[in-house]
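Close look at the chain arrangement
Listed here are the chains, written in short residue letters.
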2 protein chains.
Amino acid sequence: MTYFEFVEKLSSKSPTPGGGGASSLVGAIGVALCSMVCNLTIGKKKYEEYESEILEILEKTNKLQNRLLELIKEDEENFLPLSKAYSLKANTEEEKKIKEETMQNCLKLASKAPLEVLKISYEAIKLHERILGKTTILAISDIGVGISSLRASLLSAKLNILININSLKDEDYKQQIKNEIDEIVNDGIKICDRVYDEVLSIINK
Amino acid sequence: MTYFEFVEKLSSKSPTPGGGGASSLVGAIGVALCSMVCNLTIGKKKYEEYESEILEILEKTNKLQNRLLELIKEDEENFLPLSKAYSLKANTEEEKKIKEETMQNCLKLASKAPLEVLKISYEAIKLHERILGKTTILAISDIGVGISSLRASLLSAKLNILININSLKDEDYKQQIKNEIDEIVNDGIKICDRVYDEVLSIINK
């Protein structure tokens, strides 16, 4: 699918891609910019002392980027059972029970991909933070663009998880996930805003 | 180009796509989600009273989305003269003068597309704000994902403009653009954060 078609299809009422796939793609764009800045730096004499660290980061961002691209498709696949479960009959007590159980399993499944998008976005945010000051100044704005995209995928993934797990009856599981999300998002946002402000002050220097 | 190839090429050291194209695409994803929520609402009895307004908004978002997709290519084209100007010779006084003048014109040109991305993102942010409460609750998280992406394209565009105009010698022009950016970004961010928080509180209700 071309990126043009992706955006066109996203804007339509077709069930996929939706907010889940959009978040993964925005995250992948954010990670890709970290890789780009590393690739533009490698081989430059001025940053020689950081080269081994930058190569190590690049290996990580390549993996995270590929995984986010895979998650666009996986999120769609994990969402299909839920969209089918909504239309299950619930006329008899037995049907109601089956629908309820199916829904619970489908909601958990639907939250799987966004939970991974959240965690990968957080990893990538920390990598962007690490490359700041160790990579070519000519690409300084790209770190700011990358971190802004990852802030978006992080906060988007949070909504995509919550909209699924909030209807779960397993309170322990729900609370555990919510605590995990809060911890990651609070720290992630702090890093994003700090890195963005630092990029901005370097550009304005 | 597939979205997969776009991300792959973005991550490489090839000059395009870069942070400019990335910001346009992230913005286009944000606008597309506004269209999607409108498309999912149209025809629903519950939101009948807003239907004409939603149709009007959808017409606008379709135009903004197409323009952002065009800007990915335009940003690349506008950046090429600048990347060539960097390598102009500057050995004699005459050559220095020519290089300096060329650079100034190229920097202005390179800031054109990001300036439009900034303005379109702001328009789309205001449209997301308008559809909140007037569109299907089933797509409430998509408003939050859309507004997060547009917050990213807005802040990214700001960096892409500044990195070009900060080297301009025309102080009046530079200050005028900076004032314009600040006004748009300050208001845009406020709306984004308010809409996101409202979406979050609806999801957690």
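Rules behind the numbers
Residues numbered from 1 in each chain as written. Chains lettered and ligands numbered in written order. Predicted model: local features only at pLDDT ≥ 70, side-chain atom pairs only at ≥ 80, totals over all residues. Heavy atoms only, no water. Least-squares fit on C-alpha atoms with pLDDT ≥ 70 in both. Contact = heavy atoms within 4.5 Å. Helix = DSSP H or I, 4+ residues; strand = E, 2+ residues; numbered from the N terminus. Polar contact = N/O pair within 3.5 Å; in protein donor to acceptor, adjacent residues only side chain to side chain. pLDDT = per-residue confidence, 0-100. Buried area = accessible area lost by both parts, 1.4 Å probe. Salt bridge = Lys/Arg side-chain N within 4 Å of Asp/Glu carboxyl O.

**Quick look at the relation of the copies chain A and chain B**
Superposition of chain A onto chain B requires a rotation of 180° combined with a translation of 0.0 Å along the rotation axis, giving an RMSD of 0.0 Å. What we have between these two chains is a two-fold relation. Among all residues of chain A, the minimum C-alpha distance to the rotation axis is found for A:Thr2, at 1.8 Å. When the interface residues of chain A are mapped onto chain B, 100% of them again lie at the interface, so the same face is used by both copies.

**With respect to the side chain of A:Lys174**
Residue and element names in this part refer to chain A. Counting through the fold element by element, Lys-174 comes out in helix 6 (residues 171-203). Within the local environment of Lys-174, its side chain forms a polar contact with the side chain of Glu-171, the two groups lying 3.3 Å apart. The residues contacting Lys-174, other than those within four sequence positions of it, are Ile-165, Asn-166 and Leu-168.

**A few points about the confidence of the model for chain A**
For chain A, per-residue confidence averages 96 on the pLDDT scale, and 100% of positions sit at 70 or higher. Predicted complex, confidence summary: ipTM 0.96, pTM 0.97.

**Remarks on the interface of chain A and chain B**
Across the boundary between the two partners, chain A contributes 53 residues, which contact 53 residues of chain B. Summed over both partners, the interface of chain A with chain B comes to about 4600 Å²; 69% of that surface belongs to carbon and sulfur atoms. When the buried area of chain A at its contact with chain B is split by residue, A:Tyr3, A:Val7 and A:Leu159 rank highest and sum to 15% of it. Between chain A and chain B we count zero salt bridges in total. Between the two partners, chain A and chain B, sit 14 residue pairs in polar contact (both at pLDDT 80 or more).

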